[in-house]
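Here are the chains, one letter per residue:
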Amino acid sequence: MKTKFFIQFILILSIISSANSQIALNGYLESELSTQIMADEGINLGHYKMRFDMEADALENVRIFFNAENQSYFGQTFFDLSKFYPGTLDSLNRAMLTMMPYFMRDSLSIMNMYGIYNTKKIELTLGRQPLAFGTGYAWNPVDVFNHKDFLDPSSELRGVDAVRLRWQILNRLSLDGVYRLGSIPDNSDAFLEMKWGIGSLDISVLASNNLIHSLRYQAVSSSLFDPSMFEFPVLDSSIFNNLFPIFYYPKINFQLVERKQYGLTFSTELMGMGIHGEYGHNTELNRIDDTKRTYQQWLLGLDYTFNNGLYFMYEWMKNENGLSSIDDLDIQRYLQYMSGEHLSLFRNYSFINLSYGLKIPVVLNTFAIFNHDDISFTITPSAQWTLNDYLVFNGFVGFNGGDAKSEFGLFKAYSRFQITGYF
Amino acid sequence: MSVKNILFILSLLSSFIMAQEASEILDNMEKAMTQISSKGIMSQTIKTSTGSLRELEYEYYSGEKGKHTLMRYLKPSRSKGMAILMRDNSSQIWMYNQRTRRARMLASSAKNQNFENSDFTYEDMGGSDSWTDKYDATRLEDDKDGHYMLELKPKKSADVSYTKLIMQIRKSDNHPLSIAYFNDESDAFKTLYFDDIRIIEGVPTAFLLTMKNHRTGSNTIMKIISITYDVEFDDDFFFENNLRK
């Protein structure tokens, strides 16, 4: 039904577009199949995606952008999270995770819908808009608005409902402010960045205040027999416990945590080598119990293009908010990470990317991610074949290493094949 | 003074005059090719060694005698809105992605990279008046059609990717007809041909540029769809901020 509505909607807009040359319409259709191989089983899953982009000149200096996506899944769409948990689970916690399955449901979403008003010095953006801050590729500690998938850092993310004002003070000095609307002003996020450049050095300082709906998990016990319901003391409840055994169920709620961050980013070059970095100093205040904690996050990256066209990038990331050992992992932390609450599950990571464009329209790419805390890794060679400007094939095969209970060692291998047709 | 010494001095003098003449020809060619500023629309057709074709179209802005270049993609649809800024003869390259609305600065080592997998590199695309700064020119014997032939070798401190260039220059208007690019090998690995030269606003302008890669058999054709010269740009036009607009 949603797909039918989406197609009708696009047809209507196409007609409007063909009648008005000020409106540009384009997008793509994508089909993807992936396979993941674990120690004792394999999973096939995939999706069909239709992405639709529209942009139009509304007034002089005003431009409007709209992107929507319709995504349908096939193969496995129901996931028992206990099978994807990297650490060790006792039988109770395994049962709890099994009771909280993850579903991939067909979806129709407005990814972005925003307008930009531009003058010589001011840029005002209003609506659901793409926001991306930081100089890092795989991770962005200073980007408080997005949660990147570091296995696919360039994937498109849903926009953020916000107001953004950018003031170009001088040619290479700008002030950028973002206000994300919450239900009440106290639940809204604010972000400020001052950026300047001298020669090949670009540097920025940032400050943000954002509210996290922090997930809390507990296994709650219950029984049909509750001794407190009796007005007289029950001397021996075991007989009732045998008749009405205790059962457990998972309980999820959210606590409001306010995070303040002060950060710094830079990018420069030395002898042809690009150098970039990010730093974030975070203070989190739990609004429920008033507890406070601080942690820091760093990223340092290098990149270089060799004379033969081979591109190399390395990034190192340290997240003090991550775990230093797999033994510290629990269900709450795992669910928080899966819901995008944390930058990474562990503390120390490296990312390596090698890319080489062949003379035929094929780009060979390999990336590798190393988790230095649980000593696991993934290496993913891939190829992108641009058949023409309208059809692109992508494929990769990933090989993982590490202990079977580690973050990457949990999966032995995975593959993904994708066909994208642009219109 | 012996005859031997006279011959030696004459030969030195002659090579000095030849070098001076070569640099004058190169200088005249740069003046003919490089206007203070220009803007236009260009298309690029990339034919790969397997025969497949890719077509790009972009707006092109050039300022300060080609020192700064800004390009905004119009086609294909998947690249529309992307923009590239090359400042200071490609020593600073910025790429803007409209989907994320983020501009990233590439390290200068990226200028050796092929532009959009074409046969042009960023270095080829950015700036044409830097030859006299980066290369020493030597005049070779004119070709059979009477065109100037220059050999350019990089100056010691120059940060360039090629070991040698050979230029064929038309005498009538000092416009180049071809540039052969060399690496370490004795044969040129690619050659740029200038065709369909028309006079636009008093400036000889090649409407068709073909870069042929002799190693791979691929070629890239650039066509000018429209062009105008002596455009006045705002002071902040060739800066990262303008990529977003």
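Thresholds applied
Residues numbered from 1 in each chain as written. Chains lettered and ligands numbered in written order. Predicted model: local features only at pLDDT ≥ 70, side-chain atom pairs only at ≥ 80, totals over all residues. Heavy atoms only, no water. Helix = DSSP H or I, 4+ residues; strand = E, 2+ residues; numbered from the N terminus. Buried < 20%, exposed > 50% of the residue type's maximum accessible area, 1.4 Å probe, protein only. Contact = heavy atoms within 4.5 Å. Areas by Shrake-Rupley, 256 points an atom, 1.4 Å probe, with all protein chains shown as cover. Patch = residues over 30% accessible without salt bridge, like charges linked within 9 Å, V, L, I, M, F, W, Y side chains within 5 Å. Salt bridge = Lys/Arg side-chain N within 4 Å of Asp/Glu carboxyl O. Buried area = accessible area lost by both parts, 1.4 Å probe. Polar contact = N/O pair within 3.5 Å; in protein donor to acceptor, adjacent residues only side chain to side chain. Core = buried A, V, L, I, M, F, W, Y, C linked by side-chain atoms within 4.5 Å. 1 Å grid on protein atoms, 1.4 Å probe; cavity = no way out; pocket = protein on both sides within 12 Å on 5 of 7 lines; lining within 4 Å. Points joined across faces, edges and corners; volume = space filled by probe spheres on them. Nonpolar A, V, L, I, M, F, W, Y, C, P; charged D, E, K, R; others polar. Pairing = 2+ DSSP bridges. Phe/Tyr/Trp six-rings, centres within 6.5 Å; stacked < 30°, edge-to-face > 60°. Lys NZ or Arg CZ within 6 Å of the ring centre and 35° of its normal.

A. Examining the overall build of chain A more closely. Helix and strand counts for chain A come out as four helices and 20 strands. By the burial criterion, 46% of the 423 residues in chain A qualify as buried. Within chain A, contacts between residues separated by at least 24 positions form 57% of all contacts whose residues are at least 6 apart in sequence. Accessible surface, chain A: about 21000 Å² in total, of which carbon and sulfur atoms supply 62%.

B. Molecular detail of the overall build of chain B. From N to C terminus, chain B includes three helices and 13 strands. Within chain B, buried positions represent 56% of all 245 residues. A separation of at least 24 residues holds for 45% of the contacts in chain B among residues at least 6 apart in sequence. Just so you have it, chain B exposes about 11300 Å², and 50% of that area is on carbon and sulfur atoms.

C. A look at a nonpolar patch on the surface. Taken together, the side chains of Trp196, Ile198, Val205 and Leu264 of chain A make up a nonpolar region of the molecular surface, amounting to roughly 330 Å² of accessible area. Mapped onto the secondary structure, leucine 264 of chain A falls in strand E12 (residues 247-270).

D. Fine view of the environment of serine 355 of chain A. Residues and elements named next belong to chain A. Take serine 355: it is sitting in strand E16 (residues 348-357). Serine 355 sits 45 residues away from leucine 310 along the chain, and the two C-alpha atoms are 5.9 Å apart. With near-sequence residues (within four places) excluded, serine 355 lies in contact with Gly309, Leu310, Tyr311, Val363, Leu364 and Asn365.

E. Up close: the interface of chain A and chain B. Between chain A and chain B, the residue contacts involve 59 residues of the former and 38 residues of the latter. Around 3900 Å² of area is buried between chain A and chain B when both sides are counted, 42% of it from carbon and sulfur atoms. Taken together, the links from chain A to chain B amount to six salt bridges. Between lysine 195 of chain A and glutamate 240 of chain B there is a salt bridge, with its nearest N and O atoms 3.3 Å apart. Summed over the shared surface of chain A and chain B, the result is 15 residue pairs in polar contact (both at pLDDT 80 or more).

F. Structural view of the nonpolar core. One finds Tyr58, Trp131, Leu152, Leu165 and Met167 of chain B to be the most contacted residues of the largest nonpolar core, which totals 46 residues. It is strand E12 (residues 203-213) of chain B that contributes the most residues to this core, five residues altogether. With near-sequence residues (within four places) excluded, tyrosine 58 of chain B lies in contact with Gly40, Ile41, Met42, Gln44, Met71, Arg72, Tyr73, Leu74, Phe115, Met125 and Met222 of chain B. Counting 35 residues, the second-largest nonpolar core is a separate cluster that includes Leu89, Met313, Met317 and Phe411 of chain A.

G. Structural view of empty space enclosed by the protein. Here the structure, examined in full by the defined rule, presents five cavities of 30 Å³ or more. Taken as a whole, the second largest cavity holds about 80 Å³ of empty space. As for the second largest cavity, its lining consists of Arg166, Gln168, Asn171, Arg172, Leu173, Ser174, Lys195, Trp196, Gly197 and Asp202 of chain A together with Glu240 and Asn241 of chain B. Contributions of two or more residues to the lining of the second largest cavity are made by strand E8 (160-170), strand E9 (173-180) and strand E10 (189-198) of chain A. Per-element tally for the lining of the second largest cavity: the top contributor is E10 of chain A, with three residues. Looking at the lining of the second largest cavity residue by residue, the class counts come to two nonpolar, five polar and five charged.

H. Main features of the pairing of strand E3 (residues 68-75) of chain B. Residues and elements named next belong to chain B. Burial within E3 is extensive, with six of its eight residues counted as buried. Two elements, strand E2 (residues 53-63) and E3, share seven bridges in a ladder whose sense is antiparallel. Directly across from tyrosine 60, in E3, lies its bridge partner methionine 71. Hairpin connection of E2 to E3: four residues between the antiparallel strands, including glutamate 64 at a positive phi of 50°. Pairing between E3 and strand E4 (residues 83-87): four bridges, direction antiparallel. Along E4, the bridge assignment pairs methionine 71 with isoleucine 84.

I. Spatial organisation of the packing of aromatic side chains. On inspection of all chains with the given rule, the structure shows 29 aromatic pairs over all chains. Relative to tyrosine 334 of chain A, the ring of tyrosine 85 of chain A has its centre 5.0 Å away and its plane inclined at 70°; by these criteria the two rings are edge-to-face. One end of the pair, tyrosine 85 of chain A, is in the loop between strand E4 (78-79) and helix H2 (91-98); the other, tyrosine 334 of chain A, is in helix H4 (residues 331-338), with 249 residues separating them in the sequence. Both residues of the pair, tyrosine 85 of chain A and tyrosine 334 of chain A, count as buried. Ring pairs connect the aromatic residues Tyr137, Trp139, Tyr349, Phe351 and Phe367 of chain A, which therefore count as one cluster. One cation-aromatic arrangement involves lysine 164 of chain B over phenylalanine 182 of chain B; the distance from NZ or CZ to the ring centre is 4.5 Å. Positioned over the ring face of phenylalanine 207 of chain B is arginine 198 of chain B, at 3.9 Å from the centre of the ring.

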